[in-house]
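Now for the letters of each chain:
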Amino acid sequence: MNKEVTQLFNQWQSGDQAVQEQLSQLIYQELHRLASFYMQKENQGHTLQATAIVNEVYIQLNNQNLNVNNRQHLFALVSNMMRRYLVNHAKTKLTQKRGGDWSKVEINSEVDGQQLNLEQLLDFDEALDELAKIDERKAQIIEQRYFGGRELEEIAIAFDISESTLHRDIKMAKIWLMEKMS
Amino acid sequence: MDKSLWKKIEPLLIACEELPKEDVLDYLNSQTNDQELIERVLHYLNFSNQSNTIFSSIIGEAVQSSIELSEEGIPKKVGPYSIIEKIARGGMGTVYLAQRDDDIYDKKVVIKIVNGILSEQHKYRFQQERKILAKLQHQNIAQIIDGGSVDSGQHYLIMEYVEGIRIDRYCDKNDLSIEQRIKLFKQVAEAARYAHRNLIVHRDIKPSNILVDNSGNAKLLDFGIAKILNPEEEMDLGLTRTHMRLMTPEYASPEQVKGEDITLLSDVYSLGALLYELIVGAAPIVITSSSPAEIERTICETTPVRLRTSLKRQDSNRVIDKKLINSSLVKDLDNILLKALRKEPENRYETVKLFIDDLDNLLNNKPVTASPISKLYLASKFIKRNLWQSLLAGVSATAIAGLISIQYISNKKLQQEKEEAETQAEISRQTANYFSKLIESADPEFFQGREITVREALDQSVDELLATDELNGKIKSRLLHMLGRVYRNRNNPEKSLPLQAKAIELREAHDDGKPSYQLGQMYGEYGDNLRQLNRYDLAPEAFEKSIAILEQLTDDLSIKERANTYNNSGIVYSHIGNYQRAKEVLEYAIELTPEPTGQKSSYYFNYARNFLFQKKLKLAQEFYQKSYDLKLDIYGPLQRRTLNTLYGMALTEYELGNYKKAKNQMELTLTERIKMFGDDNSIVESTRSFLMLMHAKLDEWEQAETIFKRLRNKAFDEDFKLVENSNLPRMATYIEIKNDKELALNYWSLQLDYLQANQPHRTRSIHIAYYNKLRLLHELKKSHELTVLDKAFFQTVKDYYPKDSLEVARINYLEAQYLNRVDSELTNSILKALNSEIIDDFKKSLFASQPELN
């Protein structure tokens with residue numbers, strides 16, 4: 001898989017536009033897998049709901065000038081895109097809720113609960129930026145694990161660390177982030 | 001915070017994480033004098049135990065919310081149509097009501113926008129399929145008008161808008177009779193028949209896809225849509241079982257849930273399910289699980305409840321005339337439905353036309369072609385299922401009284417004493433009376449024709465039985481014992497336990513010290529129940545009581561029971577590491593039991609396992625072989641019990657280092673067990689866990705890794721919180737083979753914590769986990785001195801096991817390593833102390849990681 005992707009990117013970068021379709025498909029699959037990662041524990045029928053979110057990220061991604069060196073890079077990029085997408089979404093939604101767009105103000109307790117979580121997402125995002133300043137690797141690991149939904153092995157390989165080191169990194173990063181967000 | 005401060009905090013935090021709470025402060029003070037730093041570390045430690053899933057839930061919530069937001073962006077126009085409103089969001093896409101702008105015709109239409117972007121290849125297919133569907137023109141099919149794609153790349157279909165209500169609601173709202181329902185259904189069947197002539201399969205026939213308008217005309221929606229809207233089915237996005245999520249399992253045929261080829265006959269099945277629902281008010285097969293494997297099994301194995309039975313059970317607000325229940329109309333309709341709903345496509349109506357014809361026969365009082373399904377067929381279906389599940393499904397409550405009487409009668413035959421036989425007859429009579437009275441008084445609905453389930457009957461009877469004064473102690477004890485047994489057979493040992501205890505109490509008062517077979521049996525079953533509940537601390541006492549009573553009796557029945565108790569106690573003794581007593585009692589069991597019997601083969605099996613636990617592998621081999629030969633004779637190859645022995649043999653070969661042989665045996669066991677128990681079963685998973693180790697030893701990493709990931713996904717949730725511990729020992733061993741000792745240590749620590757908290761009496765398992773944890777700590781040269789607890793553990797093991805046991809040898813060796821006192825002399829003396837039956841090759845690997853054997 002890895003070889004295949006690198007090859008595709010090389011071909012693309014050397015101007016072979018024909019591979020774009022193939023590559024897009026691959027990115028699309030990645031995003032799809034990721035969105036379902038957060039849906040899998042829920043009811044059936046979520047597959048296609050997950051697809052809706054993927055469409056939006058995908059369109060954003062497609063509009064970018066991609067410069068990707070390998071699969072690891074792609075993972076990192078997808079995780080980061082996902083994070084930015086969700087953060088933007090949260091900001092938009094919160095602005096609306098706060099009256100930025102008066103027509104969409106809704107008042108009920110369910111929305112309040114959701115709002116709280118969206119605010120937490122923004123805190124999480126900020127804390128993650130802070131973490132990156134003092135320990136970049138941990139911040140990236142958290143980003144790929146939580147926003148990218150990556151498997152542990154894949155992350156361990158990407159960062160060339162053992163799984164126990166990875167577990168420890170995640171544990172430490174979580175403690176740090178939770179302290180920051182508290 | 002600046003970087004350098006965190007660099008100081010982190011290593012201390014990591015170390016403290018692994019320390020018991022009370023040692024933290026001492027440790028920190030030993031590492032630094034900087035009080036501010038210590039404060040900081042302690043502050044951070046507060047966060048180490050906070051909810052682990054918080055990040056997942058924050059992000060999951062945002063994902064959910066963003067989906068809702070993306071839906072707020074309703075397109076204003078699609079092609080020449082203006083959207084009026086959003087009607088629904090289904091599994092396949094979003095549905096809008098729309099109207100044509102240019103007044104060419106003012107009919108309203110429905111627009112379905114597919115969620116997802118299609119590749120070029122699938123775009124082409126989508127267009128092709130759409131054209132075919134557009135050709136379907138039938139008064140009972142909602143017409144497809146047009147299709148295309150919107151700016152963002154999503155595809156849409158434009159369909160005729162049908163104003164009407166769902167077919168099942170229509171039937172109930174208008175109080176349709178059975179005949180009227182059948183006639184309405186025929187419209188739907190005709191639509192399917194028309195489409196089938198054009199070789200188009202609907203794939204998703206269900207009540208919500210059928211609308212009936214004011215004039216009573218039914219229209220089938222979404223013909224063939226399931227296929228064109230579901231390109232993933234063939235695309236394989238790495239999401240398995242996509243097909244499961246895109247259909248409604250209640251109406252899906254077995255071949256559909258299994259992901260096999262869907263044919264015209266799949267629609268026949270779904271039509272059958274639809275008709276069944278229209279008549280009965282519930283789908284023929286009720287799905288209660290959301291696990292794909294479980295759904296598949298339910299659909300493929302459950303026989304629909306007969307129409308007559310279902311109609312009797314119906315809520316009173318349904319209007320099917322009760323007089324009809326026993327009519328030939330219902331009987332024939334039942335046969336027709338069962339034929340349409342047959343699991344094997346080849347046994348259903350070959351075409352929708354034949355289905356319709358048979359319904360016409362029924363309506364015209366002509367004989368129907370569907371014949372009653374033969375008793376043999378039903379029996380074979382019945383046997384395939386679990387007996388108790390079937391009972392639960394609808395056997396009348398009086399059956400339980402009957403069941404218990406039967407047990408008494410069969411016991412009676414075995415009882416030689418006349419007096420006892422008379423008591424038995426009296427018990428039988430009283431039991432039947434007691435239960436019928438109980439049931440009648442307990443549930444007023446009983447008189448209204450509703451049959452209460454065994455579960456209800458049981459639960460209701462327990463309290464009353466405990467409270468009643470009507471029965472004498474002996475009979476009451478017997479009834480409680482029987483009820484306890486019923487609960488045990490239904491896998492509810494918790495509920496059984498207090499009943500058994502009370503039964504014993506009453507019987508002891510009655511016997512007054514005189515030995516009786518019944519009391520011996522009750523103690524034996526009580527002990528075995530404690531075993532099932534992991535109460536290895538209490539079980540031996542119950543077993544020994546049973547043995548002491550039964551030893552005084554010389555009739556065949558008591559001897560047989562005693563052998564059984566010996567065996568069950570042997571299993572417990574093995575698990576708590578009392579191998580000596582286990583060996584003794586299992587030898588008695590074998591001695592008392594004639595050959596060839598199934599019992600004896602099981603006793604050999606447990607005897608062999610007791611050797612395996614002690615790593616006396618030659619002996620384990622010998623007795624597994626005896627068990628296996630007997631089982632081959634009695635049960636045949638590949639039977640459940642035969643496989644148990646094969647599994648044990650594979651474990652022995654593994655320990656002997658014959659990995660190839662072990663793997664072959666284990667693979668065979670796994671394949672057959674999957675057939676027996678399904679893929680998603682704890683026995684199957686533990687079989688897999690050993691196969692993983694065998695693959696690893698044979699350098700077959702790919703297979704091993706696949707199993708490992710599977711097991712890990714079952715063992716942990718997404719935040720690596722432990723949810724299932726049973727295969728941790730094998731996973732730890734595997735990780736150690738892969739040479740990640742640190743992670744292996746984590747796994748053993750988790751296992752130890754889990755067992756100590758949840759199964760504190762699994763002595764042997766706890767000792768193994770503890771040993772491996774300490775061993776790895778030492779090998780990893782963790783700056784970890786022996787704690788008081790660890791020292792106590794060394795002593796516990798030395799006191800617990802005999803001097804010449806493997807356990808003591810290992811612990812002596814480990815202790816010497818910790819104290820830096822290992823020399824060749826010590827090693828040799830330890831090896832010498834070990835029983836000579838432990839073979840040489842094995843001695844070499846003696847002190848390496850040991851998976852816990854089951």
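Computed from a predicted model, the values in this text were never measured in an experiment. (Residues numbered from 1 in each chain as written. Chains lettered and ligands numbered in written order. Predicted model: local features only at pLDDT ≥ 70, side-chain atom pairs only at ≥ 80, totals over all residues. Heavy atoms only, no water.)

Visitor: Quick question: what am I supposed to make of the overall build of chain A here?
Guide: Per the secondary structure count, chain A includes eight helices and zero strands. Shown N-terminal to C-terminal, the secondary structure of chain A runs as helices and strands in the order α-α-α-α-α-α-α-α. Expressed as a percentage of the 182 residues in chain A, the buried residues total 54%. Pairs at least 24 apart in sequence give 61% of the contacts found in chain A among residues at least 6 apart. A total of about 8400 Å² of accessible surface is found on chain A, and carbon and sulfur atoms cover 45% of it. (Helix = DSSP H or I, 4+ residues; strand = E, 2+ residues; numbered from the N terminus. Buried < 20%, exposed > 50% of the residue type's maximum accessible area, 1.4 Å probe, protein only. Contact = heavy atoms within 4.5 Å. Areas by Shrake-Rupley, 256 points an atom, 1.4 Å probe, with all protein chains shown as cover.)

Visitor: What exactly am I supposed to notice about the overall build of chain B here?
Guide: Along the backbone of chain B there are 40 helices and nine strands. For chain B, the proportion of its 854 residues judged to be buried stands at 52%. Sequence separation of 24 or more characterises 60% of the internal contacts of chain B that already satisfy a separation of 6 or more. About 39800 Å² of surface is accessible on chain B, with carbon and sulfur atoms providing 48% of the total.

Visitor: Teacher, can you tell me more about helix α6 (residues 136-147) of chain A here?
Guide: Count 3.6 residues to each turn of an α-helix, and residues three or four apart come out pointing the same way. Residue and element names in this part refer to chain A. End to end, α6 covers 16 Å across twelve residues, agreeing with the expected 16 Å (1.5 Å per residue, within 8%). Burial within α6 is extensive, with nine of its twelve residues counted as buried. Looking at α6, one finds that the buried residues are K138, A139, I141, I142, E143, Q144, R145, Y146 and F147. (Expected span 1.5 Å × (residues − 1).)

Visitor: I would appreciate a short explanation of the nonpolar core in the present structure.
Guide: Across soluble globular proteins, nonpolar side chains show a tendency to be buried alongside one another. Residues and elements named next belong to chain B. One finds M666, M692, M731, Y747 and L774 to be the most contacted residues of the largest nonpolar core, which totals 103 residues. Among residues more than four places away in sequence, those in contact with Y747 are F708, R712, F716, L728, M731, A732 and I735. If you look at the next biggest cluster of nonpolar residues, it comprises 64 residues, including A252, I325, I336 and L359. (Core = buried A, V, L, I, M, F, W, Y, C linked by side-chain atoms within 4.5 Å.)

Visitor: Looking at this model, I keep getting lost on the sheet that holds strand β7 (residues 165-166) of chain B. Mind explaining?
Guide: Adjacent strands of a sheet form backbone hydrogen bonds with each other and so pair up, either parallel or antiparallel. All names here are of chain B. Taken together, the three strands give an open sheet; going across it, the order is β7-β8-β9, and neighbouring strands pair in antiparallel fashion. Strands at the two margins of the open sheet, each flanked by one partner only, are β7 and β9 (218-220). In this sheet, β9 lies alongside strand β8 (residues 210-212) in antiparallel orientation, the contact comprising three bridges. Bridging from a neighbouring strand, L211 pairs with K219 of β9. Strand contacts of helix α7 (residues 178-197): β8 and β9, with the helix running at about 35 degrees to β9, the strand carrying the most contacts. (Pairing = 2+ DSSP bridges. Axes fitted to C-alpha atoms, helices over the stretch in contact; angles between N-to-C directions.)

Visitor: Could you clarify how one ought to interpret the side chain of B:S516 in this entry?
Guide: All names here are of chain B. Within the element layout of this structure, S516 appears in the loop between α23 (493-511) and α24 (517-532). Within the structure, S516 has its side chain in polar contact with the backbone nitrogen of L519 (distance 3.1 Å). With sequence-adjacent residues up to four places away left out, S516 is seen in contact with R507, D511, I549 and L553. (Polar contact = N/O pair within 3.5 Å; in protein donor to acceptor, adjacent residues only side chain to side chain.)

Visitor: Could you clarify how one ought to interpret the environment of A:S79 in this entry?
Guide: Residue and element names in this part refer to chain A. Tracing the chain through its elements places S79 in helix α4 (residues 71-100). Considering only alpha carbons, one finds S79 and R145, 66 residues apart in sequence, at a separation of 8.3 Å. Excluding residues that lie within four positions of it along the chain, S79 makes contacts with E143, Q144, F147 and G148.

Visitor: Please explain helix α34 (residues 728-737) of chain B as it appears in this structure.
Guide: With nine of ten residues buried, α34(B) is to be regarded as a mostly interior element. Those residues of α34(B) that are buried are in contact with α32 (682-697), α33 (701-715), α35 (741-758) and α36 (763-779) of chain B.

Visitor: Explanation requested: the packing of α7(B) against helix α12 (residues 264-280) of chain B in the structure shown.
Guide: The packing of two helices is summarised by the inter-axis angle and the distance between the axes. Residue and element names in this part refer to chain B. Their axes nearest at 10 Å, the elements α7 and α12 cross at an angle of 165 degrees. Considering the angle they form, α7 stands roughly antiparallel to α12. Pair α7 / α12 crosses with right-handed handedness. On α12, the residues that touch I178, R181, I182, F185, V188, A189, A192 and H196 of α7 are L264, D267, L271, L274, L275, L278 and I279. Classifying every residue of the contact of α7 with α12 by side-chain character gives twelve nonpolar, one polar and two charged. (Parallel < 35°, antiparallel > 145°, perpendicular 65-115°, else oblique. Left-handed = near helix turned anticlockwise from the far one by under 90°. Nonpolar A, V, L, I, M, F, W, Y, C, P; charged D, E, K, R; others polar.)

Visitor: What is the right way to read the confidence of the model for chain B from this model?
Guide: Regions with low pLDDT carry predicted coordinates that are not meant to be interpreted in detail. All names here are of chain B. Across chain B, pLDDT averages 78, with 74% of residues at or above 70. Counting interchain partners and residues more than four positions distant, the pLDDT-below-50 stretch residues 229-246 has 42 contacts. Throughout residues 373-419 the model reports pLDDT below 50, and contacts reaching past four residues in sequence, or to other chains, amount to 63 contacts. (pLDDT = per-residue confidence, 0-100.)

Visitor: Sorry if this is basic, but what is going on with the environment of B:L497 here?
Guide: All names here are of chain B. Inspection of the secondary structure assignment puts L497 in helix α23. For the pair L497 and L533, spaced 36 residues apart in the sequence, the C-alpha separation amounts to 9.3 Å. Sequence-distant contacts of L497, that is, excluding residues within four places in its chain, are made with Y526, N529, L530 and L533.

Visitor: Hey, could you run me through the packing of aromatic side chains in this one?
Guide: Pairs of aromatic rings are described using the distance from one ring centre to the other and the angle between the two planes. On inspection of all chains with the given rule, the structure shows 21 aromatic pairs over all chains. Taking 5.0 Å as the distance between ring centres and 70 degrees as the angle between the ring planes, the aromatic pair formed by B:Y607 and B:F611 counts as edge-to-face. Highlighted residues: B:Y607 and B:F611, both in helix α28 (residues 598-613), separated by four residues, approximately one helical turn. Residue B:Y607 is classed as buried on the basis of its relative accessible area, which comes to 7%. Aromatic side chains B:Y607 and B:F623 sit 4.7 Å apart centroid to centroid with 80 degrees between the ring planes, which places their arrangement in the edge-to-face category. Residue B:Y607 is located in helix α28, and its partner B:F623 is located in helix α29 (residues 617-634); the two are separated by 16 residues in the primary sequence. For the pair B:Y607 and B:F623, one class covers both residues: buried. Three or more aromatic residues joined by ring pairs make a cluster, and in this case those are A:F124, A:Y146, A:F147 and B:F55. In this structure, B:R673 packs its charged tip against the face of B:Y647, placed 4.5 Å from the ring centre. Above the ring of B:F613, the side-chain terminus of B:R764 is found at 3.6 Å from the ring centroid. (Phe/Tyr/Trp six-rings, centres within 6.5 Å; stacked < 30°, edge-to-face > 60°. Lys NZ or Arg CZ within 6 Å of the ring centre and 35° of its normal.)

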